[in-house]
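Topology and contacts: notes
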Amino acid sequence: ASAYVGIDTLQEQTRVRALRRGYTFNLLVVGRSGLGKSTLINTLFKSPVARRKEGQEEPLPSTTQVKKVETTVCEGGVKLNLTITDTPGFGDHINNANCWEPIVSYIEEQYGRYLTEEQKVYRLLRIPDSRVHCCLYFIPPSGHSLSSLDVEVLQRLDKVTNVVPVIAKADTLTLEEREAFKERIRADLHDHGIKSYPLEDTAVHDDAKMKVRLPFAVVGSNQWHEVHGRKVLGRRSTWGLVEVENKAHNDFACLRDMLIRTHMQDLIDSTSDYHYENFRRTKLSVVPN
Ligand code: GDP
Ligand code: MG
């Protein structure tokens, strides 16, 4: 008899499973109002991975409550159900105490739903998964450092989900300012013990052999422009055009690649194995009196 166990076929099995079931990936977008959250969601849906059908491209209304946008992408036989949840901005009030509460509650509510289904005697063959796999946190492009509000919110969010901080409206900072700001944010995150995603890599390797330092500095736009006969999404000002998809102009494409192409499976797995498991353990260990 051979000692061959066949672990090496697991990857193939995962692929087959992925082909059959597809992926469900839920993204949550959080940050102060006016930082371009809704615009970035539109940008993601217009970019090549998640291009919606013609006629579905109307912009989202301005956000007054939690709002979900869904799309299904099919590529190479793999189906992706992508849901992006937009949240109303916070930080508009003089008193911002506990402004993270509705966001944390929303995330925990989704875990709760999943847990309820999991505990039913006759379980659904496949539990509908509305758990948040990744939270994009928008940092104002101040160029200084993280505000105390950002720190507080991030410290709460990183306990319940994978948080990817991004620098909003990167076109308002020069390239030097962006690099310095990134460095400062990395130091602030470290000093306040905030665990942002991805945990280990401080640089995400790009296909162009370029190292993009985290956090990503992004630009969003709903506007198509023509550049050398190509139609590109971008923001035009009197001095030029910032192309959303151009990796020399900003990190939007790097963010999109990380979310959809390179780290999606890991975001899904770590949500299930780590964040959901924490929630589950806490819920089940509570002894009712
Ligand atoms: P939200 O409140 O965070 O959802 O922000 P919106 O998406 O509604 O955007 C607020 C304003 O910022 C709008 O006028 C957008 O056109 C503008 N905006 C969005 N993204 C960017 C960006 O990347 N750069 C710049 N300069 N402006 C942006
Ligand atoms: Mg909005």
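Residues numbered from 1 in each chain as written. Chains lettered and ligands numbered in written order. Predicted model: local features only at pLDDT ≥ 70, side-chain atom pairs only at ≥ 80, totals over all residues. Heavy atoms only, no water.

The protein is annotated in an unreviewed UniProt entry as Neuronal-specific septin-3 from Chionoecetes opilio. Looking at the protein in UniProt, the text filed under Sequence similarities (unreviewed entry) is "Belongs to the TRAFAC class TrmE-Era-EngA-EngB-Septin-like GTPase superfamily. Septin GTPase family." The UniProt entry for the protein carries the following comment under Subcellular location (unreviewed entry): "Cleavage furrow". (UniProt positions renumbered as here; feature names shortened; annotations may be inferred.)

A word on the overall build of the protein
In terms of regular secondary structure, the protein is built from 7 helices and 11 strands. Looking at the protein residue by residue over its 289 residues, the buried ones come to 46%. As displayed, the protein offers around 16,300 Å² of accessible surface, 51% of which is attributable to carbon and sulfur atoms. (Helix = DSSP H or I, 4+ residues; strand = E, 2+ residues; numbered from the N terminus. Buried < 20%, exposed > 50% of the residue type's maximum accessible area, 1.4 Å probe, protein only. Areas by Shrake-Rupley, 256 points an atom, 1.4 Å probe, with all protein chains shown as cover.)

Considerations on the sheet that holds strand 1 (residues 23-31)
Strand order in the open sheet formed by 6 strands is 2-3-1-4-5-8, with mixed pairing between adjacent strands. Across the chains shown, the open sheet's two edge strands, defined by having one partner strand only, are strand 2 (67-75) and strand 8 (216-217). Two strands pair when backbone bridges link them, and strand 2 and strand 3 (residues 78-86) are joined in this way by 9 bridges, in the antiparallel orientation. By the bridge assignment for strand 3, Val 69 is matched with Ile 84. Relative to the sheet, helix 4 (residues 148-157) contacts strand 1, strand 4 (134-139) and strand 5 (163-167), its axis offset from that of strand 4 by approximately 175 degrees. Packed on one face of the sheet, helix 7 (residues 264-285) meets strand 1, strand 3 and strand 4 and runs near 85 degrees to strand 1. (Pairing = 2+ DSSP bridges. Contact = heavy atoms within 4.5 Å. Axes fitted to C-alpha atoms, helices over the stretch in contact; angles between N-to-C directions.)

Describing unusual backbone geometry
The residue after Tyr 197, namely Pro 198, is reached through a cis peptide bond having omega -5 degrees. Position of Pro 198 among the secondary structure elements: in the loop between helix 5 (175-191) and strand 6 (203-205). With an omega of -5 degrees, the peptide bond running from Leu 214 to Pro 215 counts as cis. Looking at the element boundaries, Pro 215 is found in the loop between strand 7 (211-213) and strand 8. Phi is positive for Lys 169, close to 45 degrees, though the residue is something other than glycine. Structurally, Lys 169 can be placed in the loop between strand 5 and helix 5. Phi is positive for His 228, which is not a glycine, with a value near 45 degrees. Among the secondary structure elements, His 228 is positioned in the loop between strand 9 (224-227) and strand 10 (230-237). The exposed category is assigned to His 228, whose relative accessible area is 81%.

Some words on helix 7
Taking 1.5 Å per residue, 22 residues should reach 32 Å; helix 7 reaches 30 Å between its end C-alpha atoms and fits that length. At Thr 271, helix 7 shows its strongest bend, of approximately 35 degrees. When we look at burial in helix 7, the residues that qualify are Met 264, Leu 267, Ile 268, Ser 270, Thr 271, His 275, Tyr 276 and Phe 279. On its buried face, helix 7 is in contact with strand 1, strand 3, helix 3 (101-119), strand 4 and helix 6 (252-262). (Expected span 1.5 Å × (residues − 1). Bend = angle between axes of the 7 residues up to and from the residue.)

Here we look at the layout of surface pockets
Of the voids in this model, the largest pocket is the one considered here, and its volume is about 760 Å³. Taken together, 30 residues line the largest pocket, and the ones lying closest to its centre are Thr 24, Arg 126, Ile 127, Asp 129 and Arg 131. If you list the elements that add at least two residues to the lining of the largest pocket, you get helix 1 (10-21), strand 1, strand 2, strand 3, helix 3 and helix 7. Of all the elements, helix 7 adds the most residues to the lining of the largest pocket, at 5 residues. Across the lining of the largest pocket, the residue classes break down as 10 nonpolar, 10 polar and 10 charged. (1 Å grid on protein atoms, 1.4 Å probe; cavity = no way out; pocket = protein on both sides within 12 Å on 5 of 7 lines; lining within 4 Å. Points joined across faces, edges and corners; volume = space filled by probe spheres on them. Nonpolar A, V, L, I, M, F, W, Y, C, P; charged D, E, K, R; others polar.)

Details of the nonpolar core
Across soluble globular proteins, nonpolar side chains show a tendency to be buried alongside one another. Among the nonpolar cores identified, the biggest contains 71 residues, and Phe 25, Leu 136, Tyr 137, Leu 157, Phe 216, Leu 255 and Leu 259 are the most heavily contacted of them. If you tally residues by element for this core, the top one is helix 3, at 7 residues. Not counting residues up to four positions away in its chain, the partners in contact with Tyr 137 are Val 30, Phe 90, Asp 150, Val 153, Leu 154, Leu 157, Val 163, Val 164, Pro 165 and Val 166. (Core = buried A, V, L, I, M, F, W, Y, C linked by side-chain atoms within 4.5 Å.)

With respect to the packing of aromatic side chains
Per the counting criterion, the structure on display carries 3 aromatic pairs. Pairing Tyr 111 with Tyr 276 gives two aromatic rings, centres 5.9 Å apart and planes at 50 degrees, and the pair type is tilted. In this pair, Tyr 111 sits in helix 3 while Tyr 276 sits in helix 7, placing the two residues 165 residues apart along the sequence. Across the pair, Tyr 276 and Tyr 111 agree in class, each one buried. Taking 5.2 Å as the distance between ring centres and 80 degrees as the angle between the ring planes, the aromatic pair formed by Tyr 114 and Tyr 276 counts as edge-to-face. With Tyr 114 in helix 3 and Tyr 276 in helix 7, this residue pair connects regions lying 162 residues apart in the sequence. (Phe/Tyr/Trp six-rings, centres within 6.5 Å; stacked < 30°, edge-to-face > 60°.)

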